[in-house]
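Observations on the model geometry
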Amino acid sequence: MSLLTMIVKMSEGLGKTCAIFFLTLLFSLPLGMIVALLRMSKNKLVSAVTRFIITVLRGTPLMLQLLAVTYGPYYLFGANVARNKLIPVVIAFSINYAAYFAEIYRGGIESIPVGQYEAAEVLGYSRLQTFTRIILPQVIKRIMPSVTNEVVTLVKDTSMAFTVSYQEMFTIGKQIANSQTSFMPFIVAGVFYYVFNFIVDRIMGRIEKRLDYYK
Amino acid sequence: MSDITVNGASSAPILEIRNLQKSFGSNNVLKDISLSVEPGNVVSIIGPSGSGKSTLLRCASFLETADGGDILYNGQYAMHGGVYASKAELGGFRTRFGMVFQNFNLFPHYSVMKNITEAPLLHGHDKQEVRERAESLLVKMGLEGKEDSYPCQLSGGQQQRVAIARALALKPEILFFDEPTSALDPELTGEVLKVIRQLADDHMTMVVVTHEMPFARAVSNYVIFMDKGVIVEQGDPEEVFGAPTQERTKQFLRNYQK
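It should be emphasised that the depicted structure is a prediction, and the values quoted were computed from it without experimental measurement.

When helices and strands are tallied, chain B shows nine helices and eleven strands. Its C-alpha atoms give chain B a radius of gyration of 18 Å, within 12% of the compact-globule value 18 Å for 258 residues. If one aligns the C-alpha atoms of chain B with their principal axes, the spans along those axes are about 50 × 45 × 40 Å. Taken over 258 residues, chain B has a buried fraction of 57%. When contacts within chain B are restricted to residue pairs at least 6 apart in sequence, those whose partners lie at least 24 apart make up 65%. Roughly 10800 Å² of accessible area belongs to chain B as shown, and the carbon and sulfur atoms make up 46% of that amount. Across chain B, the mean location of the 25 positive side-chain charges is 4 Å away from that of the 31 negative side-chain charges.

Printed below as a string of structure tokens:
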């Protein structure tokens, strides 16, 4: 198989790689905020349970979580394994990344000085207005570097979908590597990820710069 | 402890506090504090660190929950016998006072203009009027041309003046200052005190917690000296500063003159 054929075949999986990437961000970024707020809840039970869930999600391999979400329903209830593996893959990724984002959000929220809340309170901002107008924008600026880190990691983590044989770029590459006994597909995959992350880095850098107008 | 009536004014005091109690754990920060502030008066609260003066202001502005006593604005109870009015009512009381913090607490991601105008706009005040008022406040604070600046581009003194403008934008009946110049160097302190003095000349009702003794003496018409959660001495600034009767007051003021 020529190098060009490999590249073309693997490119066909890029759409699915992108699907995992974008759908995971779409769900995990807001879900992470909900988890962060639950984690900071004044209700001790809510906060303790959330904390436990976060430690499980961060403390066990994403690969295991992928297997659990994809095949768990079959072993537990004898349910059919989803025909479209994108669904369990995105669920597993979103939950896993939400746990990481939650901790980033929490760190950001807790780093905002209490004086910001007090000023808003005295000026008559409601709690929701204080959060959405005063706190959140400052949190976003502060956490951008950490979020960029996670997003870059996510690009590479999409390759983990091969464990459930979801036909994204890396899974196809691995199949080609096996059938052709060639290392070339892995090099192609490496280049793909690098270029993908190069673009991600540029975009995130631009967002960070846009938030640079204040300290 | 009896209530204080400043200059024997006949109208209801803007702020009246009776027998206020507040402790943090076993630490009694405020023990039975009473005071009242008549319209147009400037009350300075002085005293050593940890005497409870900031806590007193923070209780008056509901940032701290007092344990007992009464807080009244214009004769209406915000807290009665340690029981607060409803959340909605407290919201109403909040529109009557403004607060200026030691650390300014400006919103760093907002321009000067937005810092000043957002709260009144959220309260549904007329857009045009809010804008015009903000502009005239900026002129008054000596901050012409700074409306599009961000707090990080301003000096501490300028930031504090923006914070004063922000508080005034809501047309409070009384303005609280919690050590407004403690985070500033002497030069910048002067420009902030000048602005507060101007407000006093305009008969703005104010309560100022401060360590600036000459300022307290010159600008306020009533001085309260606090120590260890009680009011040790109070009265006309010339009396408290010129002829203090309590040993603790004398000792405190002596330390300041050094």
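Now that the structure has been shown, the text picks up again.
All names here are of chain B. Helix H4 (residues 127–140) packs onto helix H3 (residues 112–122) with a crossing angle of 140° between their chain directions and a minimal axis gap of 10 Å. When the axes of H3 and H4 are compared, the pair comes out oblique. Pair H3 / H4 crosses with right-handed handedness. Residue-level inspection shows Val112, Met113, Ile116, Thr117, Pro120 and Leu121 of H3 in contact with H4, the latter providing Lys127, Val130, Arg131, Ala134, Glu135 and Leu138. Residues belonging to the contact of H3 with H4 are distributed by class as follows: eight nonpolar, one polar and three charged.

Attention shifts here to a nonpolar patch on the surface. All names here are of chain A. Together, Leu3, Ile7, Phe183, Met184, Ile187, Val191, Tyr194, Val195, Phe198, Ile199, Ile203 and Ile207 give the surface a local cluster of nonpolar side chains, amounting to about 1100 Å² of exposed area. At nine residues, the largest contribution of residues to the nonpolar patch is made by helix H9 (residues 184–210). Looking at where Ile199 falls in the secondary structure, it is placed in helix H9. You can call Ile199 partly exposed: its relative accessible area is 45%.

So, on to the sheet that holds strand S4 (residues 68–73) of chain B. All names here are of chain B. Sheet architecture is open: five strands sit in the order S2-S1-S4-S5-S6, paired in antiparallel fashion. Every other strand in the sheet has two partners, leaving strand S2 (27–37) and strand S6 (83–84) as the edge strands with one partner each. Across the sheet, helix H2 (residues 87–94) touches S4, strand S5 (76–80) and S6, and the angle it forms with S5 is around 125°.

Attention shifts here to the side chain of A:Ser159. In this structure, A:Ser159 sits in the loop between helix H7 (127–157) and helix H8 (169–180). On the basis of relative accessibility, which here comes to 15%, the residue A:Ser159 falls in the buried class.

A word on helix H1 (residues 53–60) of chain B. An α-helix turns once every 3.6 residues. As a result, residues three or four positions apart point the same way. Most of H1(B) is tucked away: seven of the eight residues are buried. Of the residues trailing H1(B), B:Phe62 is marked for its positive phi of about 65°.

What follows covers the confidence of the model for chain B. Residues and elements named next belong to chain B. Chain-level pLDDT for chain B is 92 on average; 95% of the residues reach the 70-or-more range. Here residues 1–9 is a poorly scored stretch, pLDDT under 50, and it has 22 contacts once near neighbours within four places are set aside; other chains count. Across the interfaces of the predicted complex, the ipTM metric reaches 0.91, alongside a pTM of 0.89.

Further remarks concern the interface of chain A and chain B. By a widespread convention, an interface's size corresponds to the accessible area lost as its parts come together. With 18 residues of chain A at the contact, the number on the chain B side is 22 residues. The interface formed by chain A and chain B contains three salt bridges. Among the ionic pairs, B:Arg58 bridges to A:Glu118, the shortest N-O distance being 2.6 Å. In this assembly, chain A and chain B are joined by nine residue pairs in polar contact (both at pLDDT 80 or more). Looking at the side of chain A that touches chain B, the elements that each hand over two or more residues are helix H6 (114–122) and H7 of chain A. A per-class count over the side of chain A that touches chain B returns nine nonpolar, five polar and four charged.

Reading the values: rules and limits
Residues numbered from 1 in each chain as written. Chains lettered and ligands numbered in written order. Predicted model: local features only at pLDDT ≥ 70, side-chain atom pairs only at ≥ 80, totals over all residues. Heavy atoms only, no water. Helix = DSSP H or I, 4+ residues; strand = E, 2+ residues; numbered from the N terminus. Rg over C-alpha atoms; globule rule 2.2 N^0.38 Å. Buried < 20%, exposed > 50% of the residue type's maximum accessible area, 1.4 Å probe, protein only. Contact = heavy atoms within 4.5 Å. Areas by Shrake-Rupley, 256 points an atom, 1.4 Å probe, with all protein chains shown as cover. Lys, Arg positive; Asp, Glu negative; His and termini not counted. Charge placed at Lys NZ, Arg CZ, Asp CG, Glu CD. Axes fitted to C-alpha atoms, helices over the stretch in contact; angles between N-to-C directions. Parallel < 35°, antiparallel > 145°, perpendicular 65-115°, else oblique. Left-handed = near helix turned anticlockwise from the far one by under 90°. Nonpolar A, V, L, I, M, F, W, Y, C, P; charged D, E, K, R; others polar. Patch = residues over 30% accessible without salt bridge, like charges linked within 9 Å, V, L, I, M, F, W, Y side chains within 5 Å. Salt bridge = Lys/Arg side-chain N within 4 Å of Asp/Glu carboxyl O. Pairing = 2+ DSSP bridges. pLDDT = per-residue confidence, 0-100. Polar contact = N/O pair within 3.5 Å; in protein donor to acceptor, adjacent residues only side chain to side chain.

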